[in-house]
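Read off the chains here:
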Amino acid sequence: MAAEKIYKYDVFCVTSDVFISPSSDPLLPTANMVNTNGNSKSERKRVLVVGAGAAGMSCAHHLSTHPERFDVTLIDAVDYCGGQAFSIPLDKERHGTGWMNQGVQGGSYIFHHTMTMFARQGHHADPVNLQVSFGKDENFWSNVFPTKLLAKHQKEIKRFNTMLKIVRWFEIFFALIPIKYLMKIFWFSDEFANTIVLPMVALFLGTGNYTPEVPSIILERLCTSQTYGMWYPGDRLSVASNLPHMVVFPRFSTFYEDWRKNLISKGVNVRLSTEITRVVKRDKTGVTVKLIKRTAAPDNHNPNSSWVPYDAENNADARAQEVEEHYDELVLCILADTAKRILEPTASFRENRVLGSAKFADDITVTHWDSDYMKKNYENFYNVDQAVSTLSGVDQSERNRMGQKSFKPMYMIKMYSQDLTKLEMCFDCTNYQSQFPPEVPFEKHVFQTIFLNKSRDGHLWSIDEIDEKKIIRKDWWHQLCHSWTHYAFVVPWMWLLQGRNHTRFAAAWTLVNAHETAVISGIAAAVDLGATYPEDLERDKFALLSFRLYYLLAYGKWYRKKATKDGEGKNWASGIYGSVYKGPGVVDQERLTWREENGIKD
Ligand SMILES: Cc1cc2nc3c(=O)[nH]c(=O)nc-3n(C[C@H](O)[C@H](O)[C@H](O)COP(=O)(O)OP(=O)(O)OC[C@H]3O[C@@H](n4cnc5c(N)ncnc54)[C@H](O)[C@@H]3O)c2cc1C
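Residues numbered from 1 in each chain as written. Predicted model: local features only at pLDDT ≥ 70, side-chain atom pairs only at ≥ 80, totals over all residues.

(A) Here's a closer look at the site of the ligand. If you check the shell around the ligand, you find 34 residues, and the closest are Gly51, Gly53, Gly83, Ala507 and His515. For the shell around the ligand, the secondary structure elements donating two or more residues are α1 (54–63), β7 (106–108), β13 (274–283), β23 (471–480) and α18 (515–529). Of the residues forming the shell around the ligand, the biggest block, three residues, is contributed by α1. Its residues assigned to classes, the shell around the ligand shows 17 nonpolar, 15 polar and two charged. (Near = placed C-beta within 6 Å. Helix = DSSP H or I, 4+ residues; strand = E, 2+ residues; numbered from the N terminus. Nonpolar A, V, L, I, M, F, W, Y, C, P; charged D, E, K, R; others polar.)

So, in C-alpha cells, the structure goes:
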C-alpha cells in the first residue's frame, strides 16, 4: 500500500540565486507580512535551519517568536514536516482506524517540551500503561504476570537488585562500562543477561542490537531513577512488575502539518523538497550553501540524492541543479553522518572527529497484520504453561488474575535462538496506539516488526517469513547506535562545535534518540542564537532543569532564568524534581483519540 500523501508541491521556481518557496501558502501571511518591528530583511539575522524533523521545527518555532531579529528559512529534503515522526493510512474497515503513527509512536511523561508543542498546535497525547512481552516459551517473561523464567532466576534477580545499588553508589566508576561487561563483573549467567536484562534496556530508546554496548548508567538509571526510570521501583522477585506510565503521540501527519502552517503564518520560509548538498564556504560573512530541488516520491520519502556517495544504486535527482545561497547562521538538524558529509569541504578537525564518532545502523520496520507470524515468534496472550503461582514462596495469584484478564502486550522482543544477544523488536500497534478501538480481533491487529542492523545481523532475520500479502509497508531507518562510544566521543564534545563557524547542531542524536531530546536541542540552538526560552516552560521546574542540563552539556553554557515567578507553567511540574507533568498537551483518559474520532461518549 502506498504511504499517505500528505501534500505535494508542483511548483518550484529558481530565480537567479534564490528558490521561491514551494510551501508558502498564498492564503497565509508570509515573512513580509509579520511584524518585523521596522527592521528590514537585511538587518535581521538570516538563519538557515536544515531538517524539518522535531529538532528543526522546534528551532524554527522559537526563532520565529522574534521576527524583528531573525529571518528564518527551514528546508527539508522530503515534502512533509516531521522527519522520522509521520503517519500512514490504514484500512479502517479491517483495522478499526484509518491511520497510525509509523516510526515515532510514544514517550514518557517527562517529555514536557514535546507535550507543550502538541498543546500549542491544539493536539494532545493520550496516556497508556505499558505492557511488555519479552522472549518466547521457556525464555518468556513480562511485567504483567510472573513466569517460569523469572522463577528459575530468583537468585540472580535478587543479586541484580543489589548490583543496582552498588552501581548507583559508585556511578562515576561504572557509568560508561558497557552492560555486557557489567554482567560479567557481577557474575550473571548469559541466560539471565540475554533474556532478562538486555530486553529491559533495548526497549528504552530502541537501543536494539547495540544494547550490550550501552553504558551501564542507562540500565542503572532505568531501574533506580524516580524521574525517568521506566522500571522504577525495582522488584526483588519479578525484576520489573510496574506498568510504566507512558504517553502515545497524536496523529503526526496532522500535528506537523498544523505546525508547518503555523510557522509560515509567523513568517518562516518553509521550503520542502529542498536538500542541502554542500556547505561551500564559512567565513566571517556567514555560510554559503548549495541546495537542490528534490522530486517528491509518491510515498513522501525520497531515495537518497545523487550527492549521497554511499548509496549510488538508489540515488535520485541526478540532474538536479545546485543553487548557491548565503546565510548568516546555519543550524543543522540532520543526522551526524549527513552533517559531516555536507560540511566536508569546510569541516574543521573537531567537526570531523566528533561527528564521525556517531555510529548508525540500517534497520527496517515491517508494518503488517500477519497474526500467524506473531503467534509463531512472540507471546501475545496469557500463557498458562509458562505462568507460575509463586515466586520464592510468595503468592502471585493476583498478578496471574490480572494477566488472565487484561494481558495486552504492546511492546515485544524476540531473542534469536542462534544468538540470544541479538533481538527482533515488535509493537502491537493496536494494543498501543490510542486511535485503535480497545477490542479488535487479534487477526486484524496491526504489528510493526523491527529488524535490526542489516550489515551485521541481517543473516539472523526472519523477515521473509512474514506473509507478503499482509505487509502494509516497509521502511528503512538509519538509526543511531547508543553505544558507550557515543557517550565518550560524541556527547561530551558537542559544545566544542556549537556556534563555531556560524554553525550549530541540533537533533536527537546529540544526546539520546528521543522526540523530547530533538525538541529541546532545537530550542537550545534557537536560544544560543538569541531567542528566548518560553516563559511557561521556564516556570515548569522539570522542563527548565532538562533544558538547562542539555544546554550546559551541548553548549557549555548555563541558561539564566528570565521569566517572572508567577504565571502560566508554574503548576505544570510536580512530583520529584517536578517530573510529574500537569501541563497541557496530554489528557487523562486512555484512548481518548479513538473516542473523539468516533464520537464515543462514556
Ligand atoms: C523507527 C523509529 C522509531 C522511533 N520511535 C520513537 C518513539 O516512539 N519515541 C521517541 O521519543 N523517539 C522515537 N524515535 C527517535 C526519533 O529519532 C526522535 O524521536 C525524533 O523524531 C528525531 O527527530 P530529529 O529532528 O532529530 O531527526 P529527524 O526526524 O530524522 O529529522 C531530520 C530531517 O532532516 C531531513 N534531512 C536529512 N538530510 C537532509 C538534507 N541534506 N537536506 C535537507 N533536509 C535533510 C530529513 O528528511 C528529516 O526530515 C524513533 C526513531 C526511529 C527511527
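Resuming the write-up.
(B) Representation of the sheet that holds strand β11 (residues 245–248) within the structure. Taken together, three strands build an open sheet; the order of strands is β7-β11-β8 and the sheet is antiparallel. Each edge of the sheet is formed by a strand with only one pairing partner; in this case those strands are β7 and β8 (126–129). Each neighbouring strand pair of the sheet contributes to a mean axis angle of 40°, computed without reference to strand direction. The pairing of β8 with β11 spans four bridges and is classified as antiparallel. Each bridged residue has a counterpart across the sheet, and for Pro127 the counterpart in β11 is Val247. (Pairing = 2+ DSSP bridges. Axes fitted to C-alpha atoms, helices over the stretch in contact; angles between N-to-C directions.)

(C) How the structure looks around the nonpolar core. Grouped together as the largest cluster of nonpolar side chains are 161 residues, with contacts concentrated most on Val49, Cys59, Val331, Cys333 and Ala507. The element that contributes the greatest number of residues to this core is α18, accounting for nine residues. If we skip the residues at most four places from it in the chain, Ala507 touches Gly51, Ala55, Cys333, Ile334, Leu335, Ala518 and Ser521. (Core = buried A, V, L, I, M, F, W, Y, C linked by C-beta atoms within 7 Å. Buried ≥ 20, exposed ≤ 12 C-beta atoms within 10 Å, placed from the backbone. Contact = placed C-beta atoms within 7 Å.)

(D) Representation of the domain arrangement of the protein chain in the model. Under the domain assignment used here, the protein chain contains domain 1 (44–92 + 250–359 + 485–569) and domain 2 (106–248 + 371–466). Of note, the centres of domain 1 and domain 2, computed from C-alpha atoms alone, are 31 Å apart. Taken together, the contacts link 21 residues of domain 1 with 19 residues of domain 2. Elements represented by at least two residues in the side of domain 1 that touches domain 2 include exactly α10 (252–265), α17 (484–489), α18 and α20 (541–555). Partitioning the side of domain 1 that touches domain 2 into residue classes produces 14 nonpolar, four polar and three charged. (Domains from an automatic or database assignment.)

(E) Representation of the UniProt feature "transmembrane region" (unreviewed entry) in the protein chain. As annotated in UniProt, the feature "transmembrane region" (unreviewed entry) corresponds to residues 166–186 in the numbering used here. Structurally, residues 166–186 is divided into 71% helix and 0% strand, and its ends, taken at the C-alpha atoms, are 11 Å apart. (UniProt positions renumbered as here; feature names shortened; annotations may be inferred.)

(F) Broad picture of the sheet that holds strand β14 (residues 286–293). What the three strands build is an open sheet, ordered β13-β14-β15; its pairing is antiparallel. The sheet terminates laterally at β13 and β15 (323–327), the two strands that pair on one side only. Across the sheet, the axes of successive neighbouring strands diverge by a mean angle of 30°, strand direction being ignored. Bridging between β13 and β14 involves eight bridges; their strand directions are antiparallel. Each bridged residue has a counterpart across the sheet, and for Arg278 the counterpart in β14 is Lys290.

(G) Geometry of the packing of helix α3 (residues 112–120) against α18. At a minimum axis distance of 8 Å, the contact between α3 and α18 shows a crossing angle of 80°. Comparing the axis directions of α3 and α18 gives the class roughly perpendicular. Contact with α3, carried on its side by His113, Thr114 and Met117, involves His515, Glu516, Val519, Ile520 and Ile523 of α18 and no other residues of that element. Grouping the constituent residues of the contact of α3 with α18 by class yields four nonpolar, three polar and one charged. (Parallel < 35°, antiparallel > 145°, perpendicular 65-115°, else oblique.)

(H) Up close: the environment of Lys562. Turning to its location among the elements, Lys562 is positioned in the loop between α20 and β25 (573–574). With residues near it in sequence (within four places) discarded, Lys562 still touches Thr532 and Glu538.

(I) Structural context of unusual backbone geometry. With omega at -5°, the peptide bond leading from Tyr232 into Pro233 counts as cis. Along the chain, Pro233 falls in the loop between α9 (216–224) and β11. Even without being glycine, Asp317 reaches a positive phi, approximately 55°. Along the chain, Asp317 turns up in the loop between β14 and β15. Unlike most non-glycine residues, His502 shows phi in positive territory, near 60°. Structurally, His502 is set in the loop between α17 and β24 (503–505). Looking at His502, the number of C-beta atoms within 10 Å reads 21, which means it is buried.

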